[in-house]
Amino acid sequence: MAHRLHIDDLRVTLGDGERRFSLRTGTWSVAGGEVVGLSGPSGTGKTLLLEVLGLLRAPDSGGYRAAPAEGGTGPAHDFAGYWRSPRAQALCAAARAGFFGYVPQSGGLLPFLTVAENVAVTQRIAGRPDAAWQAELLHRLGLEEVAHLHPGPLSIGQRQRVAIARALAHRPFCVIADEPTAALDPENAHSALSLLIGAARAGGSATILSSHDAPALARFAMRRMTLAAASDPDSPRHVISTLTEAAPHAPDTAPIPQEAP
Ligand SMILES: Nc1ncnc2c1ncn2[C@@H]1O[C@H](COP(=O)(O)OP(=O)(O)OP(=O)(O)O)[C@@H](O)[C@H]1O
Ligand SMILES: [Mg+2]
């Protein structure tokens, strides 16, 4: 059952009187199967936003919920309310495991499990085993030959592909990917983005991914949002970063640049 995510003016501030950084999301929603590409210069709060959306960090205020898509049935989730509950940690942990697939900006693989076991771990925790989908993800991300290895000897790009497979393995309702292609060459970046976008559309997951890689994102038709930071005119040591919707664009169909041999 597809869900729509509703984000209602989430706000979070880091730091104290000396130096403060505030993130403001505005009010928007993402449908199941929809893909949002998030961009913005370094330090504008992309990771912070994705951590709040992935229930890794509590917002200071605002609303955040998931409701079944129009005409659908199934439970609604008041994620912002979860943080205010005395059982916040348990509620958020259960939602992270069952509802979300998260590709962290760096690594996050379990070093004592093999590649295949790392990919299967989200299925196990969510209680949704699916060996065929696990095998297909390993195949589509070019990981079959390293499936039996532990993450230690893998390249950063291979680890990033394992993290993508792990985030998709339990077919979550929402996929959040923080710079999922940062360590990949143009060809691997293109196939990893195709997989993330294809899985979102086929499986009905709301997908939000951040990327510095404007040319890679520009190859796909997707909704785009941008973070931009500016000093608070009343308090110059306070930086406020605001999220805005960017104009849609036609996908770039130029050939994918090849890596030099
Ligand atoms: N304790 C703190 N006090 C004040 N500001 C902080 C604190 N911790 C983090 N920040 C600021 O929060 C901002 C958000 O950082 P974040 O990692 O989300 O940016 P990003 O857009 O993901 O950057 P990148 O593209 O480099 O990954 C940064 O500008 C950082 O300086
Ligand atoms: Mg970041």
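Residues numbered from 1 in each chain as written. Chains lettered and ligands numbered in written order. Predicted model: local features only at pLDDT ≥ 70, side-chain atom pairs only at ≥ 80, totals over all residues.

Trainee: When you look at the overall build of the protein in this model, what are you seeing that I'm missing?
Mentor: The helix and strand inventory of the protein stands at eight helices and 11 strands. Taken over C-alpha atoms, the radius of gyration comes to 18 Å for the protein, in line with the 18 Å a tight globule of 261 residues would show. Seen along its three principal axes, the alpha-carbon backbone of the protein occupies a region of about 55 × 45 × 40 Å. Relative to its full complement of 261 residues, the protein shows a buried share of 37%. Long-range pairs, those at least 24 residues apart, make up 69% of the contacts in the protein with a sequence separation of at least 6. (Helix = DSSP H or I, 4+ residues; strand = E, 2+ residues; numbered from the N terminus. Rg over C-alpha atoms; globule rule 2.2 N^0.38 Å. Buried ≥ 20, exposed ≤ 12 C-beta atoms within 10 Å, placed from the backbone. Contact = placed C-beta atoms within 7 Å.)

Trainee: Got a minute to help me understand the environment of Ala-202 in this structure?
Mentor: Secondary-structure assignment places Ala-202 in helix 7 (residues 186-203). Residue classification places Ala-202 among the exposed residues on the basis of 10 C-beta atoms within 10 Å. Linking Ala-202 and Gly-37, residues 165 residues apart in sequence, is a C-alpha distance of 18 Å.

Trainee: Even after reading the chapter, I still don't get the pairing of strand 1 (residues 3-15), so can you show me in this structure?
Mentor: On any regular strand, side chains alternate: one points to one face of the sheet, the next to the other face. Pairing of strand 1 with strand 5 (residues 61-68), which is carried by seven bridges, proceeds in the antiparallel orientation. Across the sheet, Arg-4 pairs through a bridge with Ala-67, a residue of strand 5. Here strand 1 runs beside strand 3 (residues 27-30); their pairing, made up of four bridges, is antiparallel. Paired with Ile-7 across the bridge in strand 3 is Trp-28. Bridge count for strand 1 against strand 2 (residues 20-24) is five bridges, and the pairing is antiparallel. When the sheet's bridge partners are listed, Gly-15 is paired in strand 2 with Arg-20. Following strand 1, the chain reverses through four residues before pairing antiparallel with strand 2. (Pairing = 2+ DSSP bridges.)

Trainee: Sorry if this is basic, but what is going on with the site of ligand 1 here?
Mentor: In the neighbourhood of ligand 1, 14 residues make up the surrounding shell, with Gly-15, Ser-42, Gly-43, Thr-47 and Leu-48 lying closest. Considering only residue class, the shell around ligand 1 consists of three nonpolar, eight polar and three charged. (Near = placed C-beta within 6 Å. Nonpolar A, V, L, I, M, F, W, Y, C, P; charged D, E, K, R; others polar.)

Trainee: When you look at the packing of helix 4 (residues 115-126) against helix 5 (residues 131-140) in this model, what are you seeing that I'm missing?
Mentor: In a pair of packed helices, the angle between the axes and the distance between the axes together describe the arrangement. For the pair helix 4 and helix 5, the least separation of the axes is 10 Å and the interaxial angle reads 135°. Considering the angle they form, helix 4 stands oblique to helix 5. Between helix 4 and helix 5 the crossing geometry is right-handed. Judged by residue contacts, Ala-116, Val-119, Ala-120 and Gln-123 of helix 4 engage Gln-134, Leu-137 and Leu-138 from helix 5. Taken together, the residues of the contact of helix 4 with helix 5 sort by class into five nonpolar, two polar and no charged. (Axes fitted to C-alpha atoms, helices over the stretch in contact; angles between N-to-C directions. Parallel < 35°, antiparallel > 145°, perpendicular 65-115°, else oblique. Left-handed = near helix turned anticlockwise from the far one by under 90°.)

Trainee: Can you help me understand helix 5 in this one?
Mentor: Three or four residues apart is the spacing at which side chains of an α-helix point the same way, because the helix has 3.6 residues per turn. Taken as a whole, helix 5 has its buried residues at Gln-134, Leu-137 and Leu-138. Buried positions in helix 5, seen along its axis, are confined to an arc of 100° and lie on one side of it. Exposed and facing more than 90 degrees away from the buried side of helix 5 are Ala-132 and His-139. Along its buried surface, helix 5 packs onto helix 4 and helix 6 (156-169). Once helix 5 ends, the next one or two residues include Gly-142, with phi positive near 65°. (Arc of directions from axis to C-beta.)

Trainee: What's the story with the pairing of strand 2 in this structure? I'm lost.
Mentor: Where strand 2 lies against strand 11 (residues 235-245), five bridges are found, and the strand directions are parallel. The partner of Arg-24 across the bridge, within strand 11, is Thr-242.

Trainee: Just to check I follow, could you spell out the environment of Arg-20 for this structure?
Mentor: You can see Arg-20 is positioned in strand 2. Judged by the 15 C-beta atoms lying within 10 Å of it, Arg-20 is partly exposed. Between the alpha carbons of Arg-20 and Thr-181 there is a distance of 30 Å; along the sequence they are 161 residues apart. Not counting residues up to four positions away in its chain, the partners in contact with Arg-20 are Thr-13, Leu-14, Gly-15, Arg-237 and His-238.

Trainee: Looking at this model, I keep getting lost on the environment of Val-12. Mind explaining?
Mentor: By secondary structure assignment, the location of Val-12 is in strand 1. Sequence spacing of Val-12 and Arg-57 is 45 residues, and the spatial spacing of their C-alpha atoms is 9.3 Å. Setting aside residues no more than four positions away along its own chain, Val-12 makes contact with Leu-23, Leu-48, Val-52, Pro-59 and Asp-60.

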